[in-house]
Amino acid sequence: MDMIIRNQVQKALEEDAPWGDITSELLIPVDSESTAHLTSKSNSVVCGNDYFIMAFLLLDEMAEIEEFMAEGEQAKPGDIVMTIKGNTRKILQAERIGLNYFCHMSGIATEVRKIAILLDGTDCNVVDTRKTLPHLRHAQKHAVKVGGGVNHRMDLSSAILIKDNHILAVGGVTEAVSRAKDGAPHVMKVEVEVKNKDEAKQAIAAGADILLLDNMTPDEIEEILELVPEHVITEASGGINPTNCRAYAESGVDVVSMGWLTHTVKNADFSLEFE
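Residues numbered from 1 in each chain as written. Predicted model: local features only at pLDDT ≥ 70, side-chain atom pairs only at ≥ 80, totals over all residues. Heavy atoms only, no water.

> Any chance you could explain the overall build of the protein here in plain terms?
Each helix and strand in the protein was counted, giving eleven helices and twelve strands. Over its C-alpha atoms, taken along the principal directions, the protein stretches across nearly 70 × 35 × 25 Å. Counting the 275 residues in the protein, one finds 49% classified as buried. Long-range contacts, defined here as pairs at least 24 residues apart, represent 69% of the contacts in the protein between residues at least 6 apart. Surface exposure of the protein reaches about 14000 Å², of which carbon and sulfur atoms provide 50%. In the protein, which carries 25 positive and 44 negative side-chain charges, the distance between the mean positions of the two groups comes to 3 Å. (Helix = DSSP H or I, 4+ residues; strand = E, 2+ residues; numbered from the N terminus. Buried < 20%, exposed > 50% of the residue type's maximum accessible area, 1.4 Å probe, protein only. Contact = heavy atoms within 4.5 Å. Areas by Shrake-Rupley, 256 points an atom, 1.4 Å probe, with all protein chains shown as cover. Lys, Arg positive; Asp, Glu negative; His and termini not counted. Charge placed at Lys NZ, Arg CZ, Asp CG, Glu CD.)

> Just to check I follow, could you spell out helix α9 (residues 218-225) for this structure?
The α-helix advances 3.6 residues per turn, and as a result positions three or four apart in sequence lie on the same side. Three or more residues of α9 are buried, namely P218, I221, I224 and L225. Down the axis of α9, the buried set is contained in an arc of 120 degrees. They therefore lie on one face. Where α9 is buried, its residues contact α8 (197-206), β9 (210-214), β10 (233-237) and α10 (245-250). (Arc of directions from axis to C-beta.)

> Just to check I follow, could you spell out the environment of E73 for this structure?
Note that E73 resides in the loop between β3 (64-67) and β4 (74-75). A sequence separation of 27 residues divides E73 from V46, and the C-alpha atoms of the two residues are 5.5 Å apart. If near-sequence neighbours (up to four positions away) are discounted, E73 is found in contact with S44, V45 and V46.

> Teacher, can you tell me more about the sheet that holds strand β5 (residues 80-87) here?
By way of backbone hydrogen bonds, the strands of a sheet pair with one another, either parallel or antiparallel. What the four strands build is an open sheet, ordered β3-β5-β1-β12; its pairing is antiparallel. Unpaired on one side and paired on the other, β3 and β12 (270-274) mark the two borders of the sheet. Between one strand axis and the next, the sheet turns through 15 degrees on average, direction left out of account. In this sheet, β12 lies alongside strand β1 (residues 33-40) in antiparallel orientation, the contact comprising five bridges. Looking across to β12, one finds that S40 is bridged to F270. Packing of helix α4 (residues 88-118) onto the sheet brings it into contact with β1, β5 and β12, and relative to β12 it is tilted by some 160 degrees. (Pairing = 2+ DSSP bridges. Axes fitted to C-alpha atoms, helices over the stretch in contact; angles between N-to-C directions.)

> Is there a simple way to explain the side chain of Q93 in this structure?
Within the secondary structure layout, Q93 lies in helix α4. Overall, Q93 belongs to the buried group, its relative accessible area being 12%. Not counting the four nearest positions on each side in its chain, Q93 is found in contact with L13, D16, A17, D21 and L59.

> Please clarify how the pattern of salt bridges should be interpreted in this entry.
Opposite charge on two side chains permits them to pair, given that their charged atoms come into close proximity. Under the defined criterion, the tally for this structure stands at twelve salt bridges. A salt bridge links E223 to K197, with the nearest nitrogen and oxygen atoms 3.6 Å apart. Remark: K197 occurs in helix α8 and E223 occurs in helix α9; sequence separation between them is 26 residues. By relative accessible area, which is 44% here, E223 ends up partly exposed. One salt-bridge network, in which partners are shared between bridges, spans K163, D164, E193, K195 and D214. (Salt bridge = Lys/Arg side-chain N within 4 Å of Asp/Glu carboxyl O.)

Quick look at the structure:
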């Protein structure tokens, strides 16, 4: 994970200052040293510490960074999360990249924490999807975990999930599941998206391990769950958000997946303030 963070942050820094930070280089003496505080401006779950720190250390390996709040802790306005001491130019150059990661990831973690609280008392987990920003998947999915959610598959290589277009391409649910079961490694489950009771029956008969119940109402899901064997995992997806997630969880599904977690949430409010 450290190498993934390093590579991602390095690319972000290069994008932001391909030939350096001309403003800071013109205004700030090369040997100037400063202290800055990462300060919360809102009630937020802290997330993204490693990404924030990496932005500064990649530019100034001698920077001294002190963490006062760990990931997953609840910050309130005025709380100091970290303090950075180091070269002034480098702090200024790293500031925006560090904050971009930190505010975005903390925003996700904060909203996921709210969803987890909404689902408290049910046996249902909230999971993310692949609806993530390009090159930010690891960061966004990490934030989901920090907030109390669970990661779905990380990528197309890590799990078998037969979607509607796969089914159309091969000619039906039964054929799609059969092909996947025949070729899948013995350690890998087969999940299939179904849109109605008939497709659910076909998927179960073909040996699907997980049913993705797509764009159904909680009542429709309850009807289908009466047909599902105990060993088959069920996941509800499609249009699920904070206003309706509890109803879906109470339908009896094992998992609700929400693209909303990564493509709709707003950044948390943090700033970097110089002494």
